[in-house]
Each structure stands twice: as structure tokens, then as C-alpha cells.
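Residues per chain, in single letters:
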Amino acid sequence: MTNSLFDIRKACLTTIVLFIHAACIAQHGTRSEFNFRNDNDLYLFNKQDQYYTNGVFFNIRQTVDSANLSDREANRLWGITVGQRMYNAYTAQIHHIEEVDRPITAYLFLSANLDRYFTNETFLSFAGEIGTIGQRALGRQFQEGIHKVLNLYDIAGWEYQLNDAFGADASVRYGGLIYRNSARWFDVSAQAEATLGFNHTGLSVAPSLRFGRINPLHQSAHTSGRLQSRGRPIGREFFFYYTPQLNLVGYDATLQGGMFLRDKGPVTYTPARWVLYNQVGILYANQAITLRMQYIFYTKEVPGMFFRHRYGSVGVGYRF
């Protein structure tokens, strides 16, 4: 195959332009949302670039015509996301291959999703994703550029990154409300997700606890459901949440390299089959904006990694 088939950058840019054009010419009353999120361990003020060190995500969501909804369906949205995740070893200053305790790579991807929300406060989502690891994912260029702009230390070790590999994944997610108190300031929900593909394959289960001013799940930023297909006004939200998530890892190309490559790269590892994530965050949302801050810590992705990892995340959404 030619390199053009794998030029994710051009595909992402073209898709975003077409999507924005479609949103601009859509019929009156269509609601849209733009979201940006950044994950980085720099938010913890620990002055390190470790493991999952940076993630940048741009997302556009749009409502589906309410005429297409059944009586039991409260809301339906679809969206497109362009993003990059960047992975270092335990430090971004690797000078010997023996120091690489987690494979070095970035993952650049484009995904599309359809989210359905039901009146009984369950939800069902489908997503498809294409992405690449290796040099094509532009991790080295992005990290070197950021360090130069911010006048940070010189990085080293990208010569040991994984080889280029392209793949596609599909996922389905289902969740719903388990309990909410009569005063409606506390609830418990849960979701399960299954992913099958060439870059990522696995299962996850995640309960979630919310405390504060909360909306039903089909009207909440917590489930990315504040846009309303039926155009109904919804209240503000301001709450704290805690979400533990247990992942069963079947395949992870950022650890194991491309599934069909013979030469996957200078360093690959077999992942830990079970990884536990913990997310603690605060979220505020009104009619126009959503603001979110999170702290995430999790167990080792590879049994031989030197440390467990933690990072911060900030996000903002704007509805128009």
C-alpha cells in the first residue's frame, strides 16, 4: 500500500472540514457541540513525562432529527473525534534501550460514534476508529515542539519507538442508572464497553458515583448527553464524581506493536491482563459550556514497569 492510504492527518482534516460545513448548512434548530480535552501528567506539577504523558482530543457532536426517535428514546447524538495519545517510558530522557520499561510511541486516530439515550436512563453507543502508531503518529515531532515552545529540557529516546502500524477498531458501550436518592443529589450508574480490533481489543466495566447538582443521564455532560434532539431545556450541573474502571486487555498495539508486523519495533511488552483505573473529578455545565477537571491514577500496564502512573485532565465544551 502507498503511504497515502495511511495519511491519517489528511483524512482527519478533510473529515473535520466536511463536518463543519454540514453543520453550517443544516436546517434551523440543529444543535452542535465542540469539545476539547487535554490529558497530561504536567497538571500534577511533578515535572515529568512518564508513560501516558499527553493526550489531545478534538470532538464535534450533533443532534439527530427528533423525528427519527422512538417514544422510548430520549435523545440521540453522533460525533467525530480526532486525537493523539503519547506514551513515553518512565522518563522522556532515555539514553539506553534497557531503560525502556514501556514501549515509546504515539497513537493518532480518527473515530466516529453514535450515542442513543433512553427514557429509562440507559444508554447505548457504537463507535468505529482508525488509527496508527509509530512515526506516522507524530509523537516525536509534537513532544519536541512543545518542549521547545515551553523552553523545557531536551527529550531523548524516540529512536526506540514502535514501528508504523495502521489498524481499525469497533466498540459498543452500554450503561444505565442503578440508584438515585429522592433528593436527587446523589446517584450510582454503571457502564460496560467491549472493543474489538487491530489496535485495541478488550473489555471494561465502570461504575460511577455522582454527588451534587445532577441531571438525568440522558441530559448530563457526564454521559456526553447535554445536547437534546427534542430541543428541551435542561438545568445546570455542578457535581463531583468518582469512577473506578476495570479493564481486561486482550491486545494493545501501543504496548505490543502492530498486530500483523513481524518487526514490531525495538521494544515491545506483553500487557498486564487486568488494569484498574480510578477517576476523580469535578464537572460544571450550563446551557452553553461544560468544564471538567479530572485526576486519574491506575495500576501498571506492563508487569515490569518501574512505577504506577497518574495524570490530570482538563476539558471544555461549547454548544451552539
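Residues numbered from 1 in each chain as written. Predicted model: local features only at pLDDT ≥ 70, side-chain atom pairs only at ≥ 80, totals over all residues. Heavy atoms only, no water.

Caption draft 1: Geometry of the pattern of salt bridges. All told, the structure shown has 14 salt bridges when counted by the stated rule. Taking the shortest distance from any N to any O, the salt bridge between Arg180 and Glu121 comes out at 2.7 Å. Here the residue Arg180 occupies a position in strand E6 (residues 165–180), and Glu121 occupies one in the loop between strand E4 (105–118) and strand E5 (122–133), the gap between them amounting to 59 residues. For the pair shown, Arg180 and Glu121 are each scored as buried. (Salt bridge = Lys/Arg side-chain N within 4 Å of Asp/Glu carboxyl O. Helix = DSSP H or I, 4+ residues; strand = E, 2+ residues; numbered from the N terminus. Buried < 20%, exposed > 50% of the residue type's maximum accessible area, 1.4 Å probe, protein only.)

Caption draft 2: Main features of the layout of surface pockets. In this structure, the largest pocket spans a volume of roughly 340 Å³. Every element with two or more residues in the lining of the largest pocket is listed here: strand E1 (32–40), strand E2 (52–63) and helix H2 (139–149). For the lining of the largest pocket, the leading source of residues is H2, giving four residues. (1 Å grid on protein atoms, 1.4 Å probe; cavity = no way out; pocket = protein on both sides within 12 Å on 5 of 7 lines; lining within 4 Å. Points joined across faces, edges and corners; volume = space filled by probe spheres on them.)

Caption draft 3: Main features of the nonpolar core. Formed by 21 residues in total, the largest nonpolar core has its most connected members in Tyr52, Ile133, Val275, Tyr277, Ile296, Tyr298 and Tyr311. Residue assignment for this core shows that the elements contributing at least two residues are E2, E4, strand E9 (237–252), helix H3 (253–256), strand E10 (274–285) and strand E11 (289–298). With sequence-adjacent residues up to four places away left out, Val275 is seen in contact with Gln245, Leu246, Asn247, Val249, Tyr298, Thr299, Lys300 and Glu301. Ranked by size, the runner-up nonpolar core spans ten residues in total, among them Ala89, Ala92, Ile94 and Ile104. (Core = buried A, V, L, I, M, F, W, Y, C linked by side-chain atoms within 4.5 Å. Contact = heavy atoms within 4.5 Å.)

Caption draft 4: Layout of a nonpolar patch on the surface. A grouping of Leu42, Phe142, Ile146, Val149, Leu150 and Leu152 is seen on the molecular surface, where their side chains present a nonpolar patch of about 530 Å² in accessible area. Within the secondary structure layout, Leu42 lies in the loop between E1 and E2. Leu42 gets classed as partly exposed once you look at its relative accessible area, which sits at 44%. (Patch = residues over 30% accessible without salt bridge, like charges linked within 9 Å, V, L, I, M, F, W, Y side chains within 5 Å. Areas by Shrake-Rupley, 256 points an atom, 1.4 Å probe, with all protein chains shown as cover.)

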